[in-house]
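What follows is the residue order along each chain.
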Amino acid sequence: MNEIRQSLATHPFFAGLSERRIDTLAAFAFVRDLPAGEWLARTGADADVFYALIHGRAGIEIHAADRHPLVVATVHSGDVIGWSWFVEPHRWHFDVVALDDLHLLAIDAPRLRAECAVDHELGYHVAGQLTRVLASRLEAARHQLVDVYGLAR
Amino acid sequence: MDSLADLGTMPAVEPMEPTPYRVTHSRRETVDVTTLTLVPVAAGLASVLPGQYLMVWAFGVGEIPISVSRTLPTGEVLLTVRAVGATSTAVVGTTVGDVLGLRGPFGTAWPLAAAAGRDLVVVAGGLGLAPLRMAIDAQVAQDPTRLSVVVGAREQPQLLYADDLQRWTAAGARVHLTVDAAGRSWHGAVGTTTAVLERLAERHEMAFVCGPELMMTSGARAVVGCGVQPSDIWVSLERNMHCGIGHCGRCQLGSQLLCRDGAVVRWDHVERLLEVRGR
Amino acid sequence: MTGSHAPVAVRLDPRVGLDALVRLLAADGYRVLGPVVRNGVVEYDDVMSGDDLPTGVTVEQAPGRWRLHHDDSGLRFAWTPGAESWKRYVFPARQEVLRIRRTDGSFAVTRPAPPERPFAFLAVRDCELRALAVLDRVELDPSHPDPRYAQRRAGTFIVAVTCGTPAATCWCTSMGGGPQPGTGYDVRITEAADHHGHRLVAEAGSERGAQVLIRLAATAVDEHDLAAVRSVAEAATQSMGVRLDGAALPTLLADADDSPHWQVVAERCLSCGNCTMVCPTCFCSTFSDHTALTSDGSAVVETVREQSWASCFQLDHSALGGRAVRATTADRYRQWLTHKLATWQEQFGTTGCVGCGRCTVWCPAGIDIVQEAAALVAERARLNSAGDFRT
């Protein structure tokens, strides 16, 4: 429990939350170790867990039968994995795979959603932090779209 | 007019005259990027500062600006060239023994003296690592522990200078690699250089940024977000440089003649100009 | 100057005296170039005698309009310059820079021969003189002087002339000049036609200018002549007025990059580049290699590197990665106007415009640079006084 509180309190995503709210979150957060190669999320599955990475590197992958699996973004220590749990229909949009052995916090997403619905200050914090994640991913996707290192078109 | 009376007898240095250099080595870096090693046929050019460029001329084809990616104590210059147009394709297509004409060195250099004793982050995208290689080498020789290098490329096969990346890491510099997409065997990051910069734990006081313009503008802003003063950020800008000496007027960006006042310029001097479309 | 002695100034007959001056300069070894009327315009070309210069010629100028008129006044300098400026001689529209020849395993370079004789420029207006000084700053930059320009420019003998009849498009008084050259000449001529008669007052501005005037063995000037020099200049200055604060333009135009006015001008601008071709200070150029094909299919052995005038109105003038940076006419007009009137100052320490008005006169759409600059300045002032909701 102590490690969970400690990990939550020091993770950038939760920075600025009061001790009381950290305690609330700690009640439904778990510390996990996952070996490299394990799945954290599969496209289309229920997004019922929200990961906060403490150590290691995960890959967001796109997969289809007619192409090689492609890592399109990596997630690193201090990052979080998943916004799908926050947005209906609460299903994963991409695959996420552990690229290294991972040490991470797994948070019960339905419980966190319910907590956000009641405690709007917590909800505002979470929504704001997730928007930062999305903004960064969106910029990256647009730069990838224009093939920033490629020749001018 | 009296001051002009002496001009007829002034030393007639012709800045447009190429000096012959012979190709002694050609190394394929990626599918369309090659590094040539050139040695002067007779007398060579003046010594090159990190970040400066040469005008490289192929007989009967044309002349293009190419940043110097390394010089050797024995007088060789190394040029890393991407085959894009007619001249660069001809330059990349040269083989050992061929002769090219070089003019220069031209332009400004990375401010290494100002970086001494400060925490420096170097951000390179794609071919942008070439104009930075001499600066990184110099910084690694000085104080590798105060150096971070962020290198971005489209995919892993497009990353330049694998040997150097390893050597810089071994020397104690923090080297972060990122690509736009990868397979699972890739050990670096996938994402933009900007995302890497936003994640960097180490603090910095100064930044050198070189790569595609979109990467530089977004990268420079991310570096500002890390607390570096805009006046301590340097970027390397390019336009069609023809003469190298501020005479042909083609490489203007506002009041900057980039061939002469650049390519290495201070971010706060150009940020607003780069925002203007068609400037 | 002549040191402690009185300045040398002589009175010349408008026909005989001018002719003697031309012949003396030619005899001294100069290539004498002056105004000639040809194809209905005033051009600068080789002159052999004083009679080659115009007589009784006036010029009517307006935006998009230049018309020559003849009268029987006998005046020698009542015309104003045409499209051509002296730039043509010190910085030719097309010039050979180098010849590069393949040799066994390398190449060898030869340079063109320098001009055999220095130029003597005859009838140089103040705007033309300042334009040469502006070009000198660009081409003779101490770190990278252009050796070909330096050779052509070396030893130029300048016979300046006071502009007694400025045109309606002239605005030198707004750009730091005036009808009367104040410095930078060897000889200055002022044409006077009053109740003391029609004569040319020639004043020395340098030692070699003084020597030339002394050797002309002409009559020394009297006080009426010197008074006439002053009154011609004063009358011309007053007729012009000041249309813009030229020195303030770099500041006034500094934040005009995103002005909608560029698009307003672009609706009229043909992007033809005439303004840049007639401008006496525009220096943009292209270096290109010209390699002749061999008839027998053997390897090309020689290539000629040429420099030719370029224009910021050309689509590919600024390019990056093979793509035109200034894709629209508005982009290109902005580059032209802001470079000329604003950014040049920071680049070379002078303004890029001398107020000669050529760009306005020779614009097929009659776009007046002064009007456009004034419109931008007014727009900026309006916006600045209106404030901004974001601030």
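Note that the structure is predicted; figures quoted are calculated from it, not measured. (Residues numbered from 1 in each chain as written. Chains lettered and ligands numbered in written order. Predicted model: local features only at pLDDT ≥ 70, side-chain atom pairs only at ≥ 80, totals over all residues.)

### Overview of the overall build of chain B
Rules: Helix and strand labels come from DSSP, where a helix needs a run of H or I of at least four residues and a strand needs a run of E of at least two; each type is numbered from the N terminus. For the radius of gyration, the atoms used are the C-alpha atoms, and the globule rule reads 2.2 Å times the number of residues raised to 0.38. Neighbour density around each residue's C-beta defines its exposure: 20 or more other C-beta atoms within 10 Å make it buried, 12 or fewer make it exposed, and counts between make it partly exposed, where C-beta atoms are placed from the backbone. Residues are scored as being in contact if the C-beta atoms we place from backbone atoms lie within 7 Å.
Check the secondary structure of chain B and you find eight helices and 15 strands. By the compact-globule yardstick of 19 Å for 279 residues, chain B fits well, its C-alpha radius of gyration being 19 Å. Over its C-alpha atoms, taken along the principal directions, chain B stretches across nearly 60 × 45 × 35 Å. Looking at the 279 residues of chain B, the share that counts as buried comes to 53%. Considering only intrachain contacts with a sequence separation of at least 6, the fraction spanning at least 24 residues in chain B is 68%.

### A few points about the pairing of strand S4 (residues 62-71) of chain B
Residue and element names in this part refer to chain B. The line we're drawing: DSSP-based pairing: two strands are paired if at least 2 bridges between them are found.
Counting buried positions along S4 yields seven of ten residues, so the element is predominantly enclosed. Across six bridges, strand S3 (residues 53-58) lies against S4 in antiparallel orientation. In the sheet register, tyrosine 53 faces S4, and the bridge partner there is serine 67. Hairpin connection between S3 and S4: a loop of three residues separates the two successive antiparallel strands, and glycine 60 in this loop has a positive phi of roughly 75 degrees. As paired elements, S4 and strand S5 (residues 77-82) share three bridges and run antiparallel to each other. Across the sheet, valine 68 pairs through a bridge with leucine 79, a residue of S5. Remark: five residues form the turn of the hairpin made by S4 and S5, two consecutive strands paired antiparallel; glycine 75 in that turn has positive phi of roughly 100 degrees.

### What about unusual backbone geometry?
Excluding glycine, residues mostly carry a negative phi; peptide bonds, for their part, are mostly trans. Here the amide bond leading from glycine 104 of chain B into proline 105 of chain B is cis, since omega sits at -5 degrees, within 30 degrees of zero. Tracing the sequence through the fold places proline 105 of chain B in strand S6 (residues 99-106). Here the amide bond leading from glycine 262 of chain B into alanine 263 of chain B is cis, since omega sits at 0 degrees, within 30 degrees of zero. You can see alanine 263 of chain B is positioned in the loop between helix H7 (258-261) and strand S15 (264-266). At alanine 123 of chain C, a residue that is not glycine, the phi angle is positive and equals roughly 70 degrees. Along the chain, alanine 123 of chain C turns up in strand S8 (residues 119-124). The phi dihedral of alanine 217 of chain C falls on the positive side, at around 55 degrees, and the residue is not glycine. Its place among the elements puts alanine 217 of chain C in the loop between helix H5 (207-215) and strand S12 (219-220).

### Looking at the interface of chain B and chain A
Note the threshold: Charged means Asp, Glu, Lys or Arg here, nonpolar means Ala, Val, Leu, Ile, Met, Phe, Trp, Tyr, Cys or Pro, and polar covers whatever is left, Gly included.
Taken together, the contact pairs 23 residues of chain B with 21 residues of chain A. Of all the elements in the fold, those that place two or more residues in the side of chain B that touches chain A are strand S10 (189-190), helix H5 (193-199) and helix H6 (213-225) of chain B. Counting residues per element, the side of chain B that touches chain A draws most heavily on H5 of chain B, which supplies four residues. A per-class count over the side of chain B that touches chain A returns eleven nonpolar, seven polar and five charged.

### What about the domain arrangement of chain B?
Residues and elements named next belong to chain B. What counts is decided by this rule: Domain start and stop points were drawn from an automatic or database domain assignment.
Partitioning chain B into domains gives domain 1 (19-106) and domain 2 (112-275). For domain 1 and domain 2, the distance between their C-alpha centroids amounts to 22 Å. Between domain 1 and domain 2, the residue contacts involve 17 residues of the former and 18 residues of the latter. Elements with a contribution of two residues or more to the side of domain 1 that touches domain 2: S3, S4, S5 and S6. Taken together, the residues of the side of domain 1 that touches domain 2 sort by class into seven nonpolar, six polar and four charged.

### Brief notes about the interface of chain C and chain B
On the chain B side, the residues contacting the 52 residues of chain C number 39 residues. Tallied by class, residues from the side of chain C that touches chain B come to 19 nonpolar, 19 polar and 14 charged.

### As for the UniProt feature "domain: Cyclic nucleotide-binding" (unreviewed entry) in chain A
For clarity, the cut-off: UniProt positions are given in the numbering used here, feature names are shortened, and annotations may be inferred rather than shown by experiment.
Mapped onto the present numbering, the UniProt feature "domain: Cyclic nucleotide-binding" (unreviewed entry) falls at residues 13-113 of chain A. What you have in residues 13-113 of chain A is 13% helix and 45% strand, and the ends, taken at the C-alpha atoms, are 16 Å apart.

### Section: the UniProt feature "domain: FAD-binding FR-type" (unreviewed entry) in chain B
The UniProt entry lists residues 16-112 of chain B under the feature "domain: FAD-binding FR-type" (unreviewed entry), expressed in the numbering used here. Taken as a whole, residues 16-112 of chain B contains 8% helix and 49% strand, while its terminal C-alpha atoms sit 29 Å from one another.

### What to know about the nonpolar core
Inclusion rule: Only buried residues count toward a nonpolar core: Ala, Val, Leu, Ile, Met, Phe, Trp, Tyr and Cys, linked into one set through C-beta atoms within 7 Å.
Core analysis: the largest hydrophobic core is formed by 229 residues, its most contacted members being Tyr51 and Ala58 of chain A, Val56, Val122 and Val235 of chain B together with Val124 and Val159 of chain C. It is helix H10 (residues 329-348) of chain C that contributes the most residues to this core, eight residues altogether. Not counting residues up to four positions away in its chain, the partners in contact with valine 124 of chain C are Trp86, Leu129, Ile158, Val159, Ala160, Val161 and Tyr185 of chain C.

### What to know about the packing of helix H1 (residues 2-10) of chain A against helix H2 (residues 19-26) of chain A
Helix packing geometry: the angle between the two helix axes and the distance between the axes. Residues and elements named next belong to chain A. Operational definition: For every element, the axis is a line fit to its C-alpha atoms; helices are fit only across the contacting stretch, and the angle between N-to-C directions ranges from 0 to 180 degrees. Small angles under 35 degrees read as roughly parallel and large ones over 145 as roughly antiparallel, with 65 to 115 read as roughly perpendicular and the rest as oblique. In this scheme, a crossing is called left-handed if the near helix is turned counterclockwise away from the far one by less than a right angle; it is called right-handed if the turn is clockwise.
Packing of H1 against H2 brings their axes to within 9 Å, and their N-to-C directions diverge by 125 degrees. Between H1 and H2, the crossing angle belongs to the class labelled oblique. Crossing geometry of H1 relative to H2 is assigned as right-handed. Here Ile4, Arg5, Leu8 and Ala9 of H1 come into contact with H2, specifically with Ile22, Leu25 and Ala26. By residue class, the composition of the contact of H1 with H2 is six nonpolar, no polar and one charged.

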